[in-house]
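Residues per chain, in single letters:
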Amino acid sequence: MASSSLHSWSCRFLLMGLMAFTIIAKSILAVAPAGFQPSRWALAHATFYGDETASATMGGACGYGNLMVNGYGTDTVALSSTLFNNGYSCGSCYQIKCVGASACYRGSPYTTVTATNLCPPNWAQDSNAGGWCNPPRVHFDMSKPAFMKIAQWKAGIVPVMYRRVPCVRSGGLQFSFQGNGYWLLVYVMNVGGGGDIASMWVKGSKTGWISMSHNWGASYQAFATLKGQALSFRLVSYSTKQVLVANNVAPSNWNVGMTYKANVNFH
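Residues numbered from 1 in each chain as written. Predicted model: local features only at pLDDT ≥ 70, side-chain atom pairs only at ≥ 80, totals over all residues. Heavy atoms only, no water.

### Considering the overall build of the chain
Let me state the cut-off plainly: Helix numbers and strand numbers start at the N terminus; a helix is a DSSP run of H or I with at least 4 residues, a strand a run of E with at least 2. Relative accessibility under 20% of the residue-type maximum defines a buried residue, over 50% an exposed one, and the middle range a partly exposed one, all with a 1.4 Å probe and only protein chains included. Note on contacts: a residue pair qualifies if any of its non-hydrogen atoms lie within 4.5 Å across the two residues. Computed with the Shrake-Rupley method and a 1.4 Å probe, the accessible areas treat only the protein chains shown as cover for residues.
Helices and strands together make up the secondary structure of the chain, namely three helices and 14 strands. Within the span of the chain, comprising 267 residues, buried residues form 42% of the whole. Sequence-distant contacts, at least 24 apart, represent 69% of the contacts inside the chain between residues at least 6 apart. Accessible surface, the chain: about 13,500 Å² in total, of which carbon and sulfur atoms supply 59%.

Pasting the structure below:
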């Protein structure tokens, strides 16, 4: 009888432990931000700019500078203002495939591109006849090398299907510094996951966290005296709201014109 009672209590204790573990696990999953998930396919149109060298895509409204040096290559795209979202879409990644046109390649292969530029409105032309990037149109102005992966370039403009996808990056976030000892302007590059940044803070080795304001494109600024301090950054993903802290990214002898690499990234 004693053995049976002990066995019953053991089972109850094990069951209670499993229930507690399940509750804790569910609560952790509920607060843990998920990685970026692909969106559904949607319709749009695509054109291209520049030539096969993609030299016209260098720089751009996002501020990524030399796209070859900074890891973006030629698979890039300029977004219409509807998608560009005042620069908050900089760094986002899209799969694009040509559909429903004779210029489309057989099988409708897709290519993956990163948003690095803005395709501005052209109010002098009708939205359906040259003003392709006029709001509220959703439009992709691709680099010519990227466009040539989905369609014959002589078509000029083709209907496409597109979707947002996670950005797969090698290594950690990169921070390119501009400004001076009293004004720090930081371009955030090589962003994985959603590829985009919603907000950002900087922390010197002698300060607390200082909120940075969105300047334009992929840049954030802080009006603070930070020279001579090692710098850390806290970032929030625009798409997933995931929070990431990159500690001691730049040493105390940091300089403008330099790019510093973190060992963390979004997924």
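Still more ground to cover, so stick around.
### Considerations on the packing of aromatic side chains
Aromatic ring pairs are defined here through the distance separating the ring centres and the angle between the ring planes. Heads up, the condition is: Centre distance within 6.5 Å is the pairing criterion for rings of Phe, Tyr and Trp, where only the six-membered ring of Trp is used; planes under 30 degrees apart are then read as stacked, over 60 as edge-to-face, and the remainder as tilted. Sitting over a ring, as applied to charges here, requires NZ of Lys or CZ of Arg to be within 6 Å of the ring centre and within 35 degrees of the ring normal.
Considering all chains together, one arrives at 13 aromatic pairs under this definition. Residues Tyr64 and Tyr72 carry aromatic rings whose centres are separated by 4.6 Å and whose planes lie at 25° to one another, so their mutual orientation is stacked. The burial state of Tyr64 is the same as that of Tyr72; both residues are buried. Connected via pairs of aromatic rings, a cluster forms that spans Phe175, Phe177, Phe233, Trp254 and Tyr260. Here the guanidinium or amino end of Arg164 rests over the ring plane of Tyr94, the centre of that ring lying 5.8 Å away. The ring of Trp201 has Arg234 sitting right over it, with the charged end atom 4.8 Å from the ring centre.

### A few points about the environment of Gln37
On the secondary structure map, Gln37 appears in the loop between α1 (2-31) and β1 (42-49). On the basis of relative accessible area, Gln37 is assigned to the exposed category, the value being 55%.

### Brief notes about unusual backbone geometry
Trans peptide bonds make up the majority, and among non-glycine residues the majority have a negative phi. Residues Pro135 and Pro136 are joined by a peptide bond in cis, for which omega reads 5°. Its location among the elements puts Pro136 in the loop between β4 (110-119) and β5 (139-143). The backbone of Asn86 shows a phi angle near 55°, a positive value even though the residue is not glycine. Relative to the elements of secondary structure, Asn86 occurs in the loop between α2 (81-84) and β3 (93-98). Given the relative accessible area of 54%, Asn86 is considered exposed. Although it is not a glycine, Ser108 sits at a positive phi angle of roughly 50°. Locating Ser108 in the fold gives a position in the loop between β3 and β4. Looking at Ser108, the relative accessible area reads 26%, which means it is partly exposed.

### Things to note about the pairing of strand β9 (residues 197-204)
Inclusion rule: The pairing criterion for strands is at least two bridges between them, as found by DSSP.
For β9 and strand β12 (residues 231-237), the ladder comprises seven bridges, and the chain directions are antiparallel. In the strand pairing of β12, Met200 is matched with Leu235. The pairing of β9 with strand β10 (residues 209-216) spans four bridges and is antiparallel. Of the residues in β10, the one forming a bridge with Met200 is Met212.

### Notes on the state of the cysteines
Under the convention used in this document: Criterion for a disulfide: a pair of cysteine sulfur atoms at a distance within 2.5 Å.
For the structure on display, the rule yields four disulfides. Between the sulfur of Cys62 and that of Cys90 lies a disulfide, 2.0 Å long from S to S. Disulfide Cys62-Cys90: the torsion about the S-S bond is -90°, which places it as left-handed. With Cys62 in the loop between β1 and β2 (76-80) and Cys90 in the loop between α2 and β3, this residue pair connects regions lying 28 residues apart in the sequence. Cys90 matches Cys62 in its accessibility class, with the two residues each being buried. Residue pairing for Cys93: its cysteine sulfur links by disulfide to Cys167, the two sulfurs lying 2.1 Å apart. One disulfide, between Cys93 and Cys167, carries an S-S torsion of 120° and so falls in the right-handed class.

Fair warning: the whole summary comes from geometry, so function is off the table for now.
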